[in-house]
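Coordinate inspection notes
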Amino acid sequence: MAVCVAVIAKENYPLYIRSTPTENQLKFHYTVHTSLDVVDEKISAMGKAVMDQRELYLGLLYPTEDYKVYGYVTNSKVKFVMVVDSSNTSLRDNEIRSMFRKLHNSYTDVMCNPFYNPGDPIQSRAFDNTVTSMMVPAC
Amino acid sequence: MNKQDMADEALFLLLHNEVISCVYKAGGDQGDAENGKCITKLENMGFRVGQGLIERFTKDTARFKDELDIMKFVCKDFWTTVFKKQIDNLRTNHQGIYVLQDNKFRLITQMSAGKQYLEHAPKYLAFSCGLIRGGLSNLGIKSIVTAEVSVMPACKFQVMIQKL
């Protein structure tokens, strides 16, 4: 389960970011921020079409000592970043993938909500609940 | 085509017609300036709808390679979903101008099959122009979309990509 979930807009500003309240939030903001460079790198590398793997899921962006950072980019260039605890080795790639899919579905619903202005921070409760279901339950 | 599909199709057409008459009634139909305002309003409506739609439609597609790939998607998948047919002809000068030609555009098919009511065509195309522009903008392409009709129900959309 994730310890931090972030949605980053096309223009690289955060639309939504949430981390476990038990830990230092700033650290996660920093981790997510750093990961954006890796995301950019991955996307531009894909344009070269050496490996024609054009999936939305980017896979593991980079591991740190305590955490693993995963990325996902929609066709509208909105980025999803998920930080996962490294100690949680039972989490398979496929599970991460399906978590991102869930997140993407939920984001699409937000986008199609007439009360949401594209580009604004996400305040939808339904989206909140989806994220909550993916986060580590705070002990 | 089953009944469900036919109903869906009619629903969109009728709603679209009502939206236009509603916008025009609210704006009053005197003068060119007023007409321009109504067109802009319709175009902006289309823009928001296009943004939402493209988010839905591209959810399960692979990442796009380039601009042309995106335009092809708009001509095929997007157009089929919204207007039940593909664009008949896509042309480009490879310098940011694309011309999408639809020989039987659904929103004006019912209106006329010739030059009758030609002067009313622009307001029935504004929403669709916005639709294209909104979709493209959500995919990261800024553009200007204009429509052109010489004989109904054929119609041409010109997409001018705005390079940054």
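Our subject is the structure that appears above.
Reference entry: report on the structure contained in this document. (Residues numbered from 1 in each chain as written. Chains lettered and ligands numbered in written order. Predicted model: local features only at pLDDT ≥ 70, side-chain atom pairs only at ≥ 80, totals over all residues. Heavy atoms only, no water.)

Listed per partner, the contact involves 18 residues of chain B and 22 residues of chain A. Of the roughly 1,800 Å² buried at the junction of chain B and chain A (both faces included), carbon and sulfur atoms supply 43%. Its largest share of buried area at the contact with chain A, chain B owes to Glu55, Lys59 and Arg63 of chain B, together 45% of the area lost on that side. Among the salt bridges present, the one from Asp109 of chain A reaches Arg56 of chain B, with a minimum N-O distance of 2.4 Å. Where chain B meets chain A, there are 14 residue pairs in polar contact (both at pLDDT 80 or more). Going through the elements one at a time, α2 (32-57) and α5 (121-138) of chain B are the ones with two or more residues in the side of chain B that touches chain A. (Contact = heavy atoms within 4.5 Å. Buried area = accessible area lost by both parts, 1.4 Å probe. Salt bridge = Lys/Arg side-chain N within 4 Å of Asp/Glu carboxyl O. Polar contact = N/O pair within 3.5 Å; in protein donor to acceptor, adjacent residues only side chain to side chain. Helix = DSSP H or I, 4+ residues; strand = E, 2+ residues; numbered from the N terminus.)

A few words now on helix α2 (residues 93-111) of chain A. The end-to-end C-alpha distance of α2 of chain A is 27 Å, a good match for the 27 Å that 19 residues give at a rise of 1.5 Å each. Buried within α2 of chain A are the following residues: Ile96, Met99, Phe100, Leu103, His104, Ser106, Tyr107, Thr108, Val110 and Met111 of chain A. (Expected span 1.5 Å × (residues − 1). Buried < 20%, exposed > 50% of the residue type's maximum accessible area, 1.4 Å probe, protein only.)

Next up on the list: the pattern of salt bridges. Evaluated as defined, the whole model comprises eight salt bridges over all chains. Of the charged contacts in the structure, one is a salt bridge between Asp60 of chain B and Arg101 of chain A, with a shortest N-O distance of 2.5 Å. Of this pair, Asp60 of chain B sits in the loop between α2 and α3 (67-83) while Arg101 of chain A sits in helix α2, placing the two residues on different chains. Among the residues examined, Asp60 of chain B registers a relative accessible area of 60% and is labelled exposed. Residue class for Arg101 of chain A comes out partly exposed when judged on its relative accessible area of 32%. Here Glu67 of chain B ties to Lys163 of chain B by a salt bridge, and the two come within 3.8 Å at their closest N and O atoms.

Time to look at the pairing of strand β1 (residues 2-8) of chain A. Residue and element names in this part refer to chain A. For β1, a buried count of seven out of seven residues is recorded, marking the element as mostly surrounded by other parts of the structure. Across six bridges, β1 lies against strand β5 (residues 79-85) in antiparallel orientation. When the bridges of β5 are listed, Val5 appears paired with Met82. Both β1 and strand β2 (residues 14-19) contribute to a ladder of five bridges, which runs antiparallel. Across the sheet, residue Val7 finds its bridge partner in β2, namely Tyr16. Taking the residues that link successive antiparallel strands as the turn, the β1-β2 hairpin has five residues, and the phi of Asn12 there is positive, at about 65°. (Pairing = 2+ DSSP bridges.)

Let us look at the side chain of Thr74 of chain A. Relative to the helices and strands, Thr74 of chain A resides in the loop between β4 (67-73) and β5. Assessed through its relative accessible area of 0%, Thr74 of chain A is described here as buried. Ignoring any residue separated from it by four or fewer positions in sequence, one finds Thr74 of chain A in contact with Leu56, Phe80 and His104 of chain A together with Glu55 and Arg63 of chain B.

Our focus in this paragraph is the nonpolar core. Trp79, Leu100, Phe105, Leu136, Phe157 and Val159 of chain B are the most contacted members of the largest nonpolar core, which totals 41 residues. With residues up to four places along the chain from it excluded, the contact list for Phe157 of chain B reads Trp79, Tyr98, Val99, Leu100, Phe105, Leu125, Ser128, Cys129, Ile132, Val145, Thr146 and Ala147 of chain B. Leu56, Leu103, Met111 and Val131 of chain A belong to the second-largest nonpolar core, a separate cluster that totals 28 residues. (Core = buried A, V, L, I, M, F, W, Y, C linked by side-chain atoms within 4.5 Å.)

To continue, consider the state of the cysteines. Enumeration according to the criterion identifies zero disulfides over all chains in this entry. Between Cys22 of chain B, a cysteine without a disulfide, and Cys38 of chain B, which holds the nearest cysteine sulfur, the sulfur-to-sulfur distance is 10 Å. (Disulfide = S-S within 2.5 Å.)

Moving on to the packing of aromatic side chains. All names here are of chain A. Per the counting criterion, the structure on display carries 14 aromatic pairs over all chains. Ring centres of Tyr72 and Phe100 lie 5.3 Å apart, and the angle between their planes is 20°; this geometry places the pair in the stacked category. Here Tyr72, found in strand β4, pairs with Phe100, found in helix α2; they are 28 residues apart in sequence, far enough to count as distant. Take Tyr72 and Phe100: they sit in the same class, and that class is buried. (Phe/Tyr/Trp six-rings, centres within 6.5 Å; stacked < 30°, edge-to-face > 60°.)

Attention shifts here to the packing of α2 of chain A against helix α3 (residues 125-134) of chain A. Residues and elements named next belong to chain A. As a packed pair, α2 and α3 sit with axes 9 Å apart at the nearest point and diverge in direction by 170°. Classed by the angle they form, the pair α2 and α3 counts as roughly antiparallel. For the pair α2 and α3, the contacting residues are Met99, Lys102, Leu103, Ser106, Tyr107 and Val110 in the first and Ala126, Phe127, Thr130, Val131, Ser133 and Met134 in the second. Of the residues contributing to the contact of α2 with α3, the split by class is eight nonpolar, three polar and one charged. (Axes fitted to C-alpha atoms, helices over the stretch in contact; angles between N-to-C directions. Parallel < 35°, antiparallel > 145°, perpendicular 65-115°, else oblique. Nonpolar A, V, L, I, M, F, W, Y, C, P; charged D, E, K, R; others polar.)

Quantified by volume, the largest pocket comes out at close to 900 Å³. Taken together, 39 residues line the largest pocket, and the ones lying closest to its centre are Lys10 of chain A together with Ser137, Leu139, Gly140 and Ile141 of chain B. When contributions to the lining of the largest pocket are tallied by element, the ones reaching two or more residues are α1 (25-47) and α2 of chain A together with α2, α3 and α5 of chain B. Sorting elements by how many residues they give to the lining of the largest pocket places α1 of chain A first, with four residues. (1 Å grid on protein atoms, 1.4 Å probe; cavity = no way out; pocket = protein on both sides within 12 Å on 5 of 7 lines; lining within 4 Å. Points joined across faces, edges and corners; volume = space filled by probe spheres on them.)

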